[in-house]
Amino acid sequence: MPDKTRSMIIGTGSYAPEKILTNQDLEKIVDTTDEWIRERTGMQVRHVVGPDEQNSDLAAHAAQSALASAGLSAAEIDLIILATVTGDSGFPSTACFVQEKIGAVNAAAMDIGAACAGFIYALDLADSQIAAGKAKRVLVIGSEVLTRITDYSDRNTCVLFGDGAGAAVVVPSDGKRGILGTFTKSDGRLNQLLYIEGLGTRVPPSHESVDAGQHFVKMAGREVFKYAVKAMGDSAEEVLRITGLTNKEVDLLISHQANLRIIEATARRINLPADRVFINIEKYGNTSSASIPLALDEAVRSGRIKPGDLLVLVAFGAGFTWGSAAIRY
Ligand code: ACO
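Note that the coordinates shown come from a computational prediction; the quantities given were computed from them, not determined experimentally.

## Brief notes about the nonpolar core
No. 1: Counting 42 residues, the largest nonpolar core has Leu253, Leu272, Val312, Phe316 and Phe320 as its most contacted members.
No. 2: Taken together, the elements giving at least two residues each to this core come down to β8 (178–186), α8 (221–243), α9 (260–269), β13 (310–317) and β14 (321–328).
No. 3: The residues touching Leu272, leaving out its near neighbours within four places in the chain, are Asn247, Val250, Leu253, Ala267 and Val277.
No. 4: Counting 34 residues, the second-largest nonpolar core is a separate cluster that includes Ile112, Ala114, Ala126 and Ala168.

## Regarding the site of the ligand
No. 1: What surrounds the ligand is a group of 25 residues, the closest being Thr32, Arg40, Cys116, Arg222 and Asn259.
No. 2: In this structure, Arg155 approaches the ligand through a main-chain N or O atom, which is 2.9 Å from a nitrogen atom.
No. 3: Contact between the ligand and Gly221: an oxygen atom at 3.0 Å from a main-chain N or O atom of the residue.
No. 4: Contact with the protein chains hides 78% of the accessible area of the ligand, taken as 1000 Å² for the molecule alone.

## A closer look at the packing of helix α3 (residues 55–70) against helix α4 (residues 94–102)
No. 1: One can describe the packing of α3 onto α4 by two numbers: an axis separation of 9 Å at closest approach and a directional angle of 55°. Overall, the two elements α3 and α4 adopt an arrangement that is oblique. The way α3 lies across α4 gives a crossing that is right-handed. Residues Asn55, Ser56, Asp57, Ala59, Ala60, Ala63, Gln64 and Leu67 of α3 form the contact with α4, whose participating residues are Thr94, Phe97, Val98, Lys101 and Ile102.
No. 2: Classifying every residue of the contact of α3 with α4 by side-chain character gives 7 nonpolar, 4 polar and 2 charged.

## Observations concerning the layout of surface pockets
Left-over empty space is what a probe sized like a water molecule reveals as it rolls over the atoms.
No. 1: In this model, the largest pocket occupies a volume close to 990 Å³.
No. 2: Every residue lining the largest pocket is counted, 41 residues in all, and those nearest its centre are Asn156, Leu160, Met219, Gly221 and Val224.
No. 3: Of all the elements in the fold, those that place two or more residues in the lining of the largest pocket are α2 (34–41), α6 (155–158), β9 (194–195), α8, α9 and β13.
No. 4: Sorting elements by how many residues they give to the lining of the largest pocket places α8 first, with 6 residues.
No. 5: Here the lining of the largest pocket is built from residues that sort into 23 nonpolar, 13 polar and 5 charged.
No. 6: Of the domains in this structure, domain 1 (7–175) and domain 2 (180–328) are the two that each give at least three residues to the lining of the largest pocket.
No. 7: Reported here for the second largest pocket is a volume of approximately 550 Å³.
No. 8: When its residues are assigned to classes, the lining of the second largest pocket shows 8 nonpolar, 14 polar and 5 charged.
No. 9: Split by domain, the residues of the lining of the second largest pocket number at least three in each of domain 1 (7–175) and domain 2 (180–328).

## Description of the sheet that holds strand β7 (residues 163–172)
No. 1: Read from one edge of the open sheet, 5 strands run β1-β7-β6-β4-β5, paired in mixed fashion. Across the chains shown, the open sheet's two edge strands, defined by having one partner strand only, are β1 (7–15) and β5 (108–112). For this sheet, the mean inter-axis angle between neighbouring strands, taken without regard to orientation, is 20°.
No. 2: Sheet topology note: the strand β6 (residues 138–145)/β7 ladder contains 8 bridges and is antiparallel. The partner of Gly142 across the bridge, within β7, is Gly166.

## Observations regarding α8
No. 1: With 23 residues, α8 should reach 33 Å at 1.5 Å per residue; the first-to-last C-alpha distance of 32 Å fits that figure.
No. 2: Where α8 is concerned, the buried positions are Val224, Ala228, Ala231, Met232, Gly233, Ser235, Ala236, Val239, Leu240 and Thr243.
No. 3: In the stretch just after α8, Gly244 is the one whose phi turns positive, near 75°.

## Let's talk about the pairing of β7
No. 1: Most of β7 is tucked away: 9 of the 10 residues are buried.
No. 2: In this structure, β1 lies alongside β7, joined through 8 bridges in antiparallel fashion. Within the sheet, the bridge partner assigned to Gly11 lies in β7 and is Val169.

## Thoughts on the side chain of Thr287
No. 1: Its place among the elements puts Thr287 in the loop between α10 (281–284) and α11 (291–301).
No. 2: Only 3.1 Å separates the side chain of Thr287 from the backbone nitrogen of Ser291, close enough to count as a polar contact.
No. 3: For Thr287, the residues in contact, after removing those within four places along its chain, are Glu144, Leu146, Gly162, Asp163, Gly164 and Leu294.

## Some remarks on the sheet that holds β8
No. 1: If you trace the 5 strands from one edge of the open sheet to the other, you get β8-β14-β13-β11-β12, paired in mixed fashion. In this open sheet, the two edge strands, each paired with only one partner strand, are β8 and β12 (277–278).
No. 2: As paired elements, β8 and β14 share 8 bridges and run antiparallel to each other. Residue Thr184 lies in a different strand from β14, and its bridge partner there is Gly323.
No. 3: Across the sheet, helix α5 (residues 118–131) is in contact with β8, β13 and β14; its angle to β8 comes to roughly 125°.
No. 4: Taken strand by strand, α8 contacts β8, β11 (252–255), β13 and β14, and its axis lies near 145° from that of β13.

Calculation criteria
Residue indices follow the written sequence of each chain, beginning from 1 at its first position. Only residues with pLDDT of 70 or above have their local features reported here, since the model is predicted, and side-chain atom pairs are shown and tallied only from 80 upward, although totals for entire chains, interfaces and linings are computed over all residues. Water and hydrogen atoms were dropped before computing side-chain values, which therefore reflect all heavy atoms in the structure. Within this scheme, the nonpolar core is defined by two criteria: the residues are buried Ala, Val, Leu, Ile, Met, Phe, Trp, Tyr or Cys, and they are joined through side-chain atoms within 4.5 Å. Each residue is assigned to one of three classes by its accessible area relative to the maximum for its type, calculated with a 1.4 Å probe on protein chains only: buried under 20%, partly exposed between the two thresholds, exposed over 50%. What counts as a helix is a DSSP run of H or I of at least four residues, what counts as a strand is a run of E of at least two, and both are numbered from the N terminus. Two residues qualify as a contact provided that any one of their heavy atoms is within 4.5 Å of a heavy atom in the partner residue. Whether a residue is near a molecule or strand is decided by its heavy atoms; if any one of them lies within 4 Å of it, the residue is near. For the purposes of these results, a polar contact is taken to be a pair of N or O atoms within 3.5 Å, where, inside protein, one atom must be able to donate a hydrogen and its partner to accept one; residues adjacent in sequence count only when each atom of the pair is a side-chain atom. To measure how exposed things are, a 1.4 Å probe is used in the Shrake-Rupley method; for residues, cover is taken only from the protein chains shown. Lines fitted to C-alpha atoms define the axes here, with helix axes fitted over just the stretch in contact, and angles between the N-to-C directions of these axes take values from 0 to 180 degrees. In what follows, roughly perpendicular refers to angles from 65 to 115 degrees, roughly parallel to angles under 35, roughly antiparallel to angles over 145, and oblique to any angle outside these ranges. A clockwise turn of the near helix away from the far one marks a right-handed crossing, whereas an anticlockwise turn of less than a right angle marks a left-handed crossing. Put simply, Ala, Val, Leu, Ile, Met, Phe, Trp, Tyr, Cys and Pro go in the nonpolar bin, Asp, Glu, Lys and Arg in the charged bin, and everything else, Gly too, in the polar bin. Throughout, the protein atoms alone are placed on a 1 Å grid, and a set of points is a cavity if a 1.4 Å probe fits but cannot get out or a pocket if it is open with protein on both sides within 12 Å along at least five of seven lines; lining residues have an atom within 4 Å of a point. Grid points are joined across faces, edges and corners, and a volume is the space filled by probe spheres set on the points. Where each domain begins and ends follows an automated or database-derived domain assignment. Any two strands are treated as partners once DSSP identifies two or more bridges connecting them. A helix is expected to span 1.5 Å for every residue after the first.

If you want it as structure tokens, here you go:
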């Protein structure tokens, strides 16, 4: 096992809004079927925010749960890194709203935008900040309200997305457990396969932009699928290569939950049997940057992850961005 662990996760938390949107509900909204959605994606239900609920509310719930499991108070956190593409507003950062909501008065706070790979990017940054001696207790959050940027007249995308948040508390390693290695990569040449045209300053909001649906997610699903399968497989292999670990040592693969077939293809690339792959896509759909920390928290709380287990985390998203992390839990 590599000896260069610098940081480790000591607590996890997650939160999903109460309201549920089922495949049967979607059958009433667009021309789709429960059978198509389950067979093509593995999804059954997803969670949807209520009208008064914001991204920072979900993130704050997840953060408080992670702090409680770590046995730390919010005031002990010195850095908050929140991965999201669906922040509360243009600025300030959603991390600053979360800071206020949880009372993390001694922290620096920032957002990071790497779409569905956001949590891996945020974890990588937390690890680096701790390695550099610049932070000691970092709250890493992935939180999204994708249902507010989803076009519920487009069956190609509206069945896929859900809302939720997950968080992890990262501190200096005890020398035994920790993040063994991370890998991040992007290819901005592929930005037109998965994007939102509006909501930024390139296409400022206007009646015309809203009428044209420019504030909604657009995705070339089949193309994204192909790249996702390759990039996630590459990422899983790369983090094993970087850390010198073998697939036989991996206890659990926690992949971004975008499509069951992509998760299975990633597991096949590193020859992992089904019982070493964590899947909860049927309950949440694709929650972008929240999907890995939601899965991680569920796996920890259900006892699926035991102390000392070797985890491989893998994600892929708009940008394109992708990456992975190997963790001795
Ligand atoms: N219900 C019924 N039929 C549908 C639906 C639906 N909800 N959606 C699409 N179809 C139809 C299409 O219109 C198409 O019909 P046609 O052949 O008559 O044109 C047919 O089903 C097949 O469409 P495909 O797009 O080829 O379907 P595919 O098997 O590729 O599944 C999906 C589509 C689920 C979107 C898949 O491509 C996918 O998962 N892509 C990757 C998504 C992903 O990984 N995203 C990652 C990042 S997300 C982020 O960053 C926010």
